[in-house]
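# Overview (structure and organization)
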Amino acid sequence: MEIIKRNLFKKLRTDNFQTGEEQEPMSQFKYHKMLGLMKDIANMPAGEVHLSNPLLNHRLKKIQDRERRSEEVNIESIYLLRIIVSNVNSIMSYGIPLRGIIQLGQYIRTRGSKADFNKLNHWLRKLHISRLAQLQGCILIDFFGFDSSELPFVKRKEGNTEKITFKSMADGEADSMLDIKFKQARMGVKVSGKAMRRNLRHSLRYMPYAPVETTSNFVINFMRGLQEIEE
């Protein structure tokens, strides 16, 4: 599996950041396994520019509106914030969105010099997603050859970056089907234990990075399941 991971990220770096790395020789079985992982990465839905917590989502809208009306508007900073929030939304729903994190890296490489990172860091703190943004930056450092100097929103190294990324990749479709399902039973309402465990496991994984957003996302999934009780 290690050679598959190494070749996978060599290909991702070459395709998206033109590093020109050569693949290590692999068997046909491992090559097709890598192609399957590439397909999973490409097929993960893009996140929305939306936060699950209503208060924080309202704050997100106000930040964007206020900045666009500012005399010293910085569009690049808004775009960076929107990419990061989209990735946060995807993390909450599906797992680590490598495609979205690559998009973040490409934007930083092409337009990052025009962004106001002081503004961005202030917004991330107000939205309580600084550590989830930092996790995205650490993935760019660990897997895509970025330097911390390119990512001013990364204040310190996250120790579990590789573990979380590989766990998300290994889960594949399991974590992309997180709806909690309730069914009407004779004695009341019955919940799918497997779906509940999967949601809890997913939420606990990201709780240290964004407690408010993770809790809100879990509650919304739970309430949505109650509203869609299967007879």
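Everything here concerns the structure above.
Basis of the calculations
Residues numbered from 1 in each chain as written. Predicted model: local features only at pLDDT ≥ 70, side-chain atom pairs only at ≥ 80, totals over all residues. Heavy atoms only, no water. Salt bridge = Lys/Arg side-chain N within 4 Å of Asp/Glu carboxyl O. Helix = DSSP H or I, 4+ residues; strand = E, 2+ residues; numbered from the N terminus. Buried < 20%, exposed > 50% of the residue type's maximum accessible area, 1.4 Å probe, protein only. Axes fitted to C-alpha atoms, helices over the stretch in contact; angles between N-to-C directions. Parallel < 35°, antiparallel > 145°, perpendicular 65-115°, else oblique. Left-handed = near helix turned anticlockwise from the far one by under 90°. Contact = heavy atoms within 4.5 Å. Nonpolar A, V, L, I, M, F, W, Y, C, P; charged D, E, K, R; others polar. Expected span 1.5 Å × (residues − 1). Arc of directions from axis to C-beta. Patch = residues over 30% accessible without salt bridge, like charges linked within 9 Å, V, L, I, M, F, W, Y side chains within 5 Å. Areas by Shrake-Rupley, 256 points an atom, 1.4 Å probe, with all protein chains shown as cover.

The next subject is the pattern of salt bridges. Within this structure, the stated rule accounts for 10 salt bridges. Measuring nitrogen to oxygen at the nearest pair gives 3.6 Å for the salt bridge that ties E2 to K5. Taken as a pair, E2 and K5 lie in helix α1 (residues 2-17) at a separation of three residues, close to a single helical turn. The residue D15 makes a salt bridge to K11 at a minimum N-O spacing of 3.2 Å. Here D15 and its partner K11 are both found in helix α1, four residues apart, which amounts to about one turn of the helix. Residue class for D15 comes out partly exposed when judged on its relative accessible area of 41%. Take K11: its relative accessible area is 28%, and that puts it in the partly exposed class.

As a further point, take the packing of α1 against helix α5 (residues 98-111). Look at α1 against α5: their axes get within 11 Å of each other, and the N-to-C directions meet at 40°. Viewed along their axes, α1 and α5 adopt a mutual orientation that is oblique. Where α1 crosses over α5, the two elements pack in a sense that is right-handed. When α1 is examined against α5, the residues F9, L12, N16 and F17 are found in contact with a partner set consisting of L98, I102, G105, Q106 and R109. Within the contact of α1 with α5, the residues separate by chemical class into five nonpolar, three polar and one charged.

Looking at the element boundaries, N217 is found in helix α10 (residues 211-227). Looking at N217, the relative accessible area reads 10%, which means it is buried.

A word on α1. In this model, α1 (16 residues) spans 22 Å end to end at C-alpha, consistent with the 22 Å of a helix rising 1.5 Å per residue. Within α1 the residues assigned to the buried category are I3, I4, K5, N7, L8, F9, K10, L12, R13 and F17. Where α1 is buried, its residues meet α2 (28-43), α5, α7 (130-144) and α8 (161-171).

Another aspect to go through is helix α3 (residues 54-69). For α3, spanning 16 residues, the distance from its first C-alpha to its last is 23 Å, which sits close to the expected 22 Å at 1.5 Å a residue. Residues of α3 that are buried: L56, N57, L60, I63, Q64 and E67. Relative to the axis of α3, the buried residues are bounded by an arc of 115° and lie together on one face. Opposite the packed face of α3, turned more than 90 degrees from it, sit the exposed residues P54, L55 and R69.

Quick look at a nonpolar patch on the surface now. A contiguous nonpolar surface patch, about 240 Å² in accessible area, is contributed by V73, I75 and Y79. As for its placement among the helices and strands, I75 is situated in helix α4 (residues 75-93).

Structurally, S86 can be placed in helix α4. By relative accessible area, S86 is classed as buried at 14%. Along the primary structure S86 and V49 are separated by 37 residues, whereas in three dimensions their C-alpha atoms are 4.5 Å apart. Apart from residues no more than four positions distant in its own chain, S86 is found in contact with G47, E48 and V49.

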